[in-house]
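# Fold and geometry: a report
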Amino acid sequence: MMSTQWSKRSVIIATLAIIVACATESRAQLSSYIPAAPSAAQALTGSQQSAANSALCSAIGSHFPNPASAGPSALSDPAVMTTAASSFAGSTNLPLSSATDMLKGYVAQHATDIFASCAASNASSGLAAKIPGASSLPSVPSMP
């Protein structure tokens, strides 16, 4: 009698284990069929980063007379973001809403680096007069 109860419990436990295992495997298979939606936190590729930096630097320059005095906070200016997103969307063939989300995520994570890149870009393209102290820096030769 004791072995019969033990056998029934073993069968029940084994059945539950199989059900849990099957459910877990089914969930894993289902998630592999559902494509992941792009998110703001998604990392930009190298060419997208270059396009984003270019769009953001250009937008800062068009909205701030002295970009160096604006600081990294200029990247969160709605007018700058709108202009940059439009340019970024066009250069990467992304829908405007996706481009805007990607830029916002990129700026949130890399604002200081982006702004430094803009300052360096402006200095090397002859706009050093707009950046205080940049005229005393040695010029960087262009790469062939």
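About the criteria used
- Residues numbered from 1 in each chain as written.
- Predicted model: local features only at pLDDT ≥ 70, side-chain atom pairs only at ≥ 80, totals over all residues.
- Heavy atoms only, no water.
- Helix = DSSP H or I, 4+ residues; strand = E, 2+ residues; numbered from the N terminus.
- Buried < 20%, exposed > 50% of the residue type's maximum accessible area, 1.4 Å probe, protein only.
- Areas by Shrake-Rupley, 256 points an atom, 1.4 Å probe, with all protein chains shown as cover.
- Axes fitted to C-alpha atoms, helices over the stretch in contact; angles between N-to-C directions.
- Left-handed = near helix turned anticlockwise from the far one by under 90°.
- Contact = heavy atoms within 4.5 Å.
- Nonpolar A, V, L, I, M, F, W, Y, C, P; charged D, E, K, R; others polar.
- Core = buried A, V, L, I, M, F, W, Y, C linked by side-chain atoms within 4.5 Å.
- Disulfide = S-S within 2.5 Å.
- pLDDT = per-residue confidence, 0-100.

## With respect to the overall build of the chain
For the chain, the count of helices and strands is 5 helices and 0 strands. Across the 144 residues of the chain, 26% fall into the buried class. Accessible surface for the chain amounts to roughly 9800 Å². Of this, 63% is attributable to carbon and sulfur atoms.

## Details of the packing of helix α2 (residues 46-63) against helix α4 (residues 78-92)
Close contact between α2 and α4 brings their axes to 8 Å; oriented N to C, the two are set at 145 degrees. Where α2 crosses over α4, the two elements pack in a sense that is right-handed. Contacts between α2 and α4 involve Q48, A51, A52, A55, L56, A59, I60, S62 and H63 from the former and A79, V80, T83, A84, S87, F88, S91 and T92 from the latter. Within the contact of α2 with α4, the residues separate by chemical class into 10 nonpolar, 7 polar and no charged.

## What about the nonpolar core?
Within the largest apolar cluster, 26 residues are counted, with the highest numbers of intra-cluster contacts made by L56, I60, L75, F88, L103, V107 and I114. Ranked by residues supplied to this core, first place goes to helix α5 (residues 96-124) with 9 residues. I114 has contacts with N53, L56, C57, L75, Y106 and V107, leaving out every residue within four places of it along the chain.

## What about the state of the cysteines?
Counting across every chain of the model gives 1 disulfide. One disulfide bridge connects C57 with C118, the sulfur atoms lying 1.9 Å from each other. Residues C57 and C118 share a disulfide whose torsion about the S-S bond is about -95 degrees; that sign makes it left-handed. Of this pair, C57 sits in helix α2 while C118 sits in helix α5, placing them 61 residues apart in sequence. With respect to burial, C57 and C118 carry one shared label: buried.

## Brief notes about the confidence of the model for the chain
Here the chain shows a mean pLDDT of 73. Residues at 70 or above account for 61%. Of all the helices and strands in the chain, helix α1 (residues 2-33) carries the lowest mean pLDDT, 60, while α4 carries the highest, 93. Below a pLDDT of 50 lies the segment residues 30-41, which in the model reaches 5 contacts outside its immediate sequence neighbourhood of four places, other chains included.

## Comments concerning the environment of D101
Its location among the elements puts D101 in helix α5. Note: C-alpha distance between D101 and A85 (16 residues apart in sequence) is 8.6 Å.

## Regarding the side chain of Q48
With respect to the helices and strands, Q48 occurs in helix α2. Here Q48 is in contact with A43, F88, T92, L94 and M102, once residues within four sequence places are set aside.

## Remarks on unusual backbone geometry
Leave glycine aside and you will find that most residues have negative phi; peptide bonds, for their part, are mostly trans. In this structure, N93 is a non-glycine residue whose phi angle is positive, near 60 degrees. Inspection of the secondary structure assignment puts N93 in the loop between α4 and α5. Judged by its relative accessible area of 71%, N93 falls in the exposed class.

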